[in-house]
Amino acid sequence: MNPIRIGGIEKFSIVDFPNKMAAVVFMQGCPWCCPFCHNVQLQDVSGETNIVWQKFIDFLGTRKGVLDAVVFSGGEPLVQKGLIDAIKEVKALGYEIGLHTGGYRPEFFREVVELVDWVGFDIKAPLEENRYKVVTGGIADVEKVKESLNILIESGKSFECRTTCDPRFLSIDDLYEIADTLKGLGVKEYYLQKYRKVESDIDASEIKSLALVENEQLNEYLKNCFDVFDVRK
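Computed from a prediction, not measured in an experiment: that's the story for all the values here.

Re the packing of helix α6 (residues 172-185) against helix α8 (residues 216-225)
Across the interface, α6 lies against α8 with an axial gap of 10 Å and an inter-helix angle of 5°. Between α6 and α8, the interaxial angle falls into the category roughly parallel. On the side of α6, the interface is formed by I172, L175, Y176, A179, D180 and K183, while α8 contributes Q217, L218, Y221, L222, N224 and C225. Its residues assigned to classes, the contact of α6 with α8 comprises eight nonpolar, two polar and two charged.

As structure tokens, then:
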């Protein structure tokens, strides 16, 4: 098995995989440097960690009948080639598989999506090259993001799209644009996530953060765009 590097583990979560009790694996490595990221310690794939994969597998062996699923999160799980072997090992124990991703590596995502049961797909900004580069530290290739999203839609797998509403980088008009794009692609489930201030942020206020996710006109519009829509605070 190809080894994976793990930066953290949440042994019990009811919010990371809809309607499932799950353990969450936070994998090391992310190619992007989003300024609103709360897991910057995971960005370096070679970052220090003392978590041993086999010990987590042993733990899962004791939680059958209690946990329903395991979610691979990050960082960005698609960074590590060992993800596929790790998923297969967990599936062999009888667990459902969730994945959190920004979709940066479509050629690998195409292989991975066949193995998972549910995906949480992050939409960082309007799907335009310049806008995506701003919110990912000048790194993201938005065409690859769009390719991954199309792969996900065509796969027939259960999934949601969600956007973290950082008022430093997104406006109400941006959220309308994102919604129209996703609706046009056939996305059925979408969430706005309230921005939680990072330590380096000296600009965004709580009022500005709430204004993006509590706009009544926008929220009504989004309810009409998607089969499922909600705000996460």
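The rest of the description comes next.
Focus on the side chain of E160
Turning to its location among the elements, E160 is positioned in strand β6 (residues 158-165). For E160, a relative accessible area of 1% gives the class buried. Once residues within four sequence positions are removed from consideration, E160 is found in contact with P18, W118, V119, G120, F121, E189, Y191 and R232.

Observations regarding the packing of aromatic side chains
Applying the stated criterion across every chain yields a total of nine aromatic pairs. Look at W32 and Y132: their rings are 6.3 Å apart centre to centre, the planes differ by 80°, and that puts the pair in the edge-to-face class. Note that W32 is positioned in the loop between β2 (22-27) and α1 (53-62) and Y132 in helix α4 (residues 129-135), a separation of 100 residues in sequence. One exposure class covers both W32 and Y132, and it is buried. With a centroid separation of 6.3 Å and 35° between ring planes, the pair formed by W53 and F72 is classed as tilted. Placement of the pair is W53 in helix α1 and F72 in strand β3 (residues 69-73), with a sequence separation of 19 residues. Judged by relative accessible area, W53 falls into the buried class, the value being 10%. A relative accessible area of 0% places F72 in the buried class. Cluster of aromatic residues (ring-pair linked, three or more members): W53, F56, F59 and F72. Cation over ring: K11 sits above F59, and NZ or CZ is 5.1 Å from the ring centre.

Here's the deal with helix α5 (residues 142-155)
In a regular helix each residue adds 1.5 Å, so 14 residues correspond to 20 Å; α5 covers 20 Å between its end C-alpha atoms and thus fits that length. When α5 is considered as a whole, its buried residues turn out to be V142, V145, S148, L149, I151 and L152. The elements touched by buried residues of α5 are α3 (106-113), β5 (118-122), α4, β6 and α6. One side-chain oxygen of the residue at the start of α5 lies 3.0 Å from the amide nitrogen of E143, identifying that residue as D141. Positioned one or two residues after α5, G156 has a phi angle of 80°, which is positive.

Quick notes on the side chain of E76
Positionally, E76 belongs in the loop between β3 and α2 (83-91). Within the structure, the side chain of E76 is placed 2.8 Å from the backbone nitrogen of G102, a separation counted as a polar contact. Beyond its immediate stretch of four places on either side in the chain, E76 contacts G29, C30, P31, H100, T101, G102, G103 and Y104.

What counts as what
- Residues numbered from 1 in each chain as written.
- Predicted model: local features only at pLDDT ≥ 70, side-chain atom pairs only at ≥ 80, totals over all residues.
- Heavy atoms only, no water.
- Axes fitted to C-alpha atoms, helices over the stretch in contact; angles between N-to-C directions.
- Helix = DSSP H or I, 4+ residues; strand = E, 2+ residues; numbered from the N terminus.
- Parallel < 35°, antiparallel > 145°, perpendicular 65-115°, else oblique.
- Contact = heavy atoms within 4.5 Å.
- Nonpolar A, V, L, I, M, F, W, Y, C, P; charged D, E, K, R; others polar.
- Buried < 20%, exposed > 50% of the residue type's maximum accessible area, 1.4 Å probe, protein only.
- Phe/Tyr/Trp six-rings, centres within 6.5 Å; stacked < 30°, edge-to-face > 60°.
- Lys NZ or Arg CZ within 6 Å of the ring centre and 35° of its normal.
- Expected span 1.5 Å × (residues − 1).
- Polar contact = N/O pair within 3.5 Å; in protein donor to acceptor, adjacent residues only side chain to side chain.

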